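Descriptive analysis of the structure
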Amino acid sequence: MNICLHRPGLVSALGSGAASLAAACTPEIPRLHYEDGLLRGRRIAVGRYRGDWLTPPALSADARSHNNALLWQALAQIDDTIRAAIARYGAARVAVILGTSTSGGDDNRAALQACLDGAPLTATGFSVPRQLMSAPADFTAAAFGTRGICYGISTACTSGARALISAARLLHAGAADAVICGGVDTLSLLTLHGFAALEVLSPGIARPFATARDGINIGEAAAVFVATREALTDDVLCLLGYGASSDAWHMSSPRPDGAGAIAAMQAALARAHVAPEQIGWLNLHGTGTPQNDQMEAQAVAAVLPQTLCSSTKPLTGHTLAAAGALEAALCWLAVSRRDNPDGRLPPMAGTDYDPALAPIRLAGAGARWPEGRRLALSTSFAFGGNNAALIIGEAA
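Overview of the structure. (Residues numbered from 1 in each chain as written. Predicted model: local features only at pLDDT ≥ 70, side-chain atom pairs only at ≥ 80, totals over all residues. Heavy atoms only, no water.)

The next subject is the overall build of the protein. Helix and strand counts for the protein stand at 12 helices and 16 strands. Against the 2.2 N^0.38 benchmark of 21 Å for 396 residues, the protein shows a C-alpha radius of gyration of 20 Å, consistent with a compact globule. The principal-axis extent of the C-alpha atoms belonging to the protein is close to 60 × 55 × 40 Å. By the burial criterion, 58% of the 396 residues in the protein qualify as buried. Within the protein, residue pairs in contact and separated by at least 24 positions form 79% of the contacts whose partners lie at least 6 positions apart. (Helix = DSSP H or I, 4+ residues; strand = E, 2+ residues; numbered from the N terminus. Rg over C-alpha atoms; globule rule 2.2 N^0.38 Å. Buried < 20%, exposed > 50% of the residue type's maximum accessible area, 1.4 Å probe, protein only. Contact = heavy atoms within 4.5 Å.)

Below, the discussion takes up the packing of helix α9 (residues 259-272) against helix α10 (residues 290-303). Relative orientation of the contacting elements α9 and α10 amounts to 35°, with a least axis distance of 9 Å. Crossing of α9 against α10: the hand is right-handed. Counting all contacts with α9, which are made through Ala-261, Ile-262, Met-265, Gln-266 and Leu-269, the residues of α10 involved are Met-295, Ala-299, Val-300, Ala-302 and Val-303. Residues of the contact of α9 with α10, tallied by class, amount to 9 nonpolar, 1 polar and no charged. (Axes fitted to C-alpha atoms, helices over the stretch in contact; angles between N-to-C directions. Left-handed = near helix turned anticlockwise from the far one by under 90°. Nonpolar A, V, L, I, M, F, W, Y, C, P; charged D, E, K, R; others polar.)

Leu-5, Val-179, Phe-225, Leu-239 and Leu-390 are the most contacted members of the largest nonpolar core, which totals 51 residues. Considering every element that reaches this core, the biggest residue donor is helix α12 (residues 323-335), with 10 residues. (Core = buried A, V, L, I, M, F, W, Y, C linked by side-chain atoms within 4.5 Å.)

With that settled, consider the environment of Phe-225. As for its placement among the helices and strands, Phe-225 is situated in strand β10 (residues 221-228). Separated by 45 residues in sequence, Phe-225 and Ile-180 have C-alpha atoms that sit 5.7 Å apart. Apart from residues lying up to four places away in sequence, Phe-225 is in contact with Leu-5, His-6, Pro-8, Ile-78, Leu-164, Val-179, Ile-180, Cys-181, Ala-325, Ala-328, Ala-329 and Trp-332.

Picture the strands of a sheet paired through backbone hydrogen bonds; they go either parallel or antiparallel. Taken together, the 3 strands give an open sheet; going across it, the order is β4-β5-β9, and neighbouring strands pair in mixed fashion. In this open sheet, the two edge strands, each paired with only one partner strand, are β4 (33-39) and β9 (218-219). Alignment of strand β5 (residues 42-47) against β9, held across 2 bridges, turns out to be parallel. Of the residues in β9, the one forming a bridge with Gly-47 is Gly-219. Strands in contact with helix α8 (residues 189-197) are β4, β5 and β9; relative to β4, the strand with the most contacts, it is inclined by about 95°. (Pairing = 2+ DSSP bridges.)

Even without being glycine, Ala-156 reaches a positive phi, approximately 55°. Along the chain, Ala-156 turns up in the loop between β7 (150-153) and α7 (159-173). The phi dihedral of Phe-209 falls on the positive side, at around 70°, and the residue is not glycine. Within the secondary structure, Phe-209 is located in the loop between α8 and β9.

Turning our eyes to something else, we now look at the environment of Ala-111. Its place among the elements puts Ala-111 in helix α4 (residues 109-116). A relative accessible area of 5% places Ala-111 in the buried class. For Ala-111 and Ser-127, which are 16 residues apart along the polypeptide, the C-alpha to C-alpha distance reads 8.7 Å. If near-sequence neighbours (up to four positions away) are discounted, Ala-111 is found in contact with Thr-124, Gly-125 and Phe-126.

Here we take up α12. Compared with an ideal rise of 1.5 Å per residue, which puts 13 residues at 18 Å, α12 spans 18 Å between its outermost C-alpha atoms and is within 8% of the ideal. Extensive coverage of α12 is indicated by the burial of 13 of its 13 residues. (Expected span 1.5 Å × (residues − 1).)

Our next topic: the packing of aromatic side chains. Considering all chains together, one arrives at 5 aromatic pairs under this definition. Put simply, the rings of Trp-72, Phe-139 and Phe-144 pair up and form one aromatic cluster. (Phe/Tyr/Trp six-rings, centres within 6.5 Å; stacked < 30°, edge-to-face > 60°.)

Time to look at the pairing of strand β6 (residues 94-99). As a general feature of sheets, a regular strand has side chains that alternate between the two faces. Burial runs high along β6: 6 of the 6 residues are buried. What you see with β6 is no split at all: Val-94, Val-96 and Leu-98 on one side and Ala-95, Ile-97 and Gly-99 on the other are buried throughout. Alignment of β6 against β7, held across 4 bridges, turns out to be parallel. Paired with Leu-98 across the two strands is Gly-152, which belongs to β7.

Another aspect to go through is the pattern of salt bridges. Under the defined criterion, the tally for this structure stands at 17 salt bridges. When the shortest N-O distance is used, the salt bridge between Arg-43 and Asp-36 registers 3.8 Å. Per residue, the accessibility class of Arg-43 equals that of Asp-36, and both read exposed. Connected through salt bridges with shared partners, the residues Arg-7, Asp-234, Asp-235, Arg-338 and Asp-339 form a single ionic network. (Salt bridge = Lys/Arg side-chain N within 4 Å of Asp/Glu carboxyl O.)

Below, the structure written as structure tokens:
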């Protein structure tokens, strides 16, 4: 049984909604901007959402955070689909599964500083629920009045992808009839300082798979879907396959031989009942760090050596827990003949491919879908060796 993925809502440095694909297909226009003041003594490029902002629903103080506000910008785009799911199935049969890693933690910084300055914690406005990893899911359920299964996923940079996988499993099990699923993360000083401590922040714009690649940029994004067993509208594509694995290799470094990534991609292909050569585009995890790109190139060369590949992270930044959902949404838009009638694919602009890496087929300027059925695969890899792969495409 294929899972129906209705039109996604998404916001990132690429912009909002369907326009994000057109932006991704014009990588010569910079989407990341340099900012001062985030890291002491350093000017870094980040992927900040710079579009219009809608006011979120007036919920409890615990639900008010920048993370939930960003999430609302994506949820508002699919309001009609969510309402249609509730009307058809009832609020108790609509589940919510959302990934995050930052949640609303930064919104408690002022309260913690006040506490450090001597104020009693009870007088600072500190909120534990605001920073829970379940906070985006709780916010969404409260905003729409859903009463089904509701929880958060926090597996670092696979969180958004794992939310879609978990949604599919709930639907297969009959535990829900519709699932609001995806991921959200906002620019966070905690995250930025953490990656700076790991010495993996690029001083410029990330250059995945390039000889001189030197690290990542951080971004913020939200991307959400309504997943069902049957279509609620005529604007639907399919989650055809998915795979997940765990390397258990190292806390922050990937397994060098790519065995876990290979297993995840092969599981997705097997579940989708498609051959590797049927995949027309691979949205790479493509962070731009030496170790991740080395591992990913080896895995892709083993499984999808002839598939056109792109990384969109130089345009969005690495959006952490939102990345898997954001890149799934970009796959959805790329597959959609309504949104992408010309079959354009995001190119890897100006990449000086590192000859020391296993050979893969990067998409160049003017890259297009091959003829026939459109099938996209998206990979996500995370700390702790957590791997996920999604196949999104047209039904057979």
